[in-house]
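The residues making up each chain are set out below.
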Amino acid sequence: MELDNDFLYGPMTKTELALLYLPERNQITARRMLNTWILRHKELYSELVKSGYSARHILLTPVQVRLIIRYLGEP
């Protein structure tokens with residue numbers, strides 16, 4: 001499935017992005033797994049923090065979405 005780059009790189013919730021990576025999982029599990037991947041990837045986490053990211057935030061900015069996709073690959 002090809003995704004529209006404008007959608008993919010726009011603002012979205014962590015849950016929305018997590019479900020793109022893990023569509024077979026439920027919302028809670030997908031979000032937890034995405035959070036785990038982010039925390040384990042030191043470079044990604046560092047870049048996200050520089051962008052104003054906090055693990056408590058629900059909404060990801062377009063910059064944060066781009067960073068996650070750059071480090072984890074396209075969903």
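Residues numbered from 1 in each chain as written. Predicted model: local features only at pLDDT ≥ 70, side-chain atom pairs only at ≥ 80, totals over all residues. Heavy atoms only, no water.

Colleague: Would you mind showing me how to read the packing of helix H2 (residues 14–21) against helix H3 (residues 27–40) here?
Modeller: Two quantities define a packed helix pair, namely the angle between the helix axes and the distance between the axes. Viewed as axis vectors pointing N to C, H2 and H3 meet at an angle of 90°, and their least axial separation amounts to 8 Å. The pairing of H2 with H3 is recorded here as roughly perpendicular in orientation. Listed contacts from H3 to Lys14, Thr15, Leu17, Ala18, Leu19 and Tyr21 of H2 are Gln27, Ala30, Arg31, Leu34, Asn35 and Trp37. Among the residues forming the contact of H2 with H3, the class breakdown is seven nonpolar, three polar and two charged. (Axes fitted to C-alpha atoms, helices over the stretch in contact; angles between N-to-C directions. Helix = DSSP H or I, 4+ residues; strand = E, 2+ residues; numbered from the N terminus. Parallel < 35°, antiparallel > 145°, perpendicular 65-115°, else oblique. Contact = heavy atoms within 4.5 Å. Nonpolar A, V, L, I, M, F, W, Y, C, P; charged D, E, K, R; others polar.)

Colleague: Mind showing me how you'd approach the environment of Val65 here?
Modeller: Along the chain, Val65 turns up in helix H5 (residues 62–72). Take Val65: its relative accessible area is 0%, and that puts it in the buried class. Each C-alpha atom, one on Val65 and one on Thr13, is 9.4 Å from the other, the two residues being 52 residues apart in sequence. (Buried < 20%, exposed > 50% of the residue type's maximum accessible area, 1.4 Å probe, protein only.)

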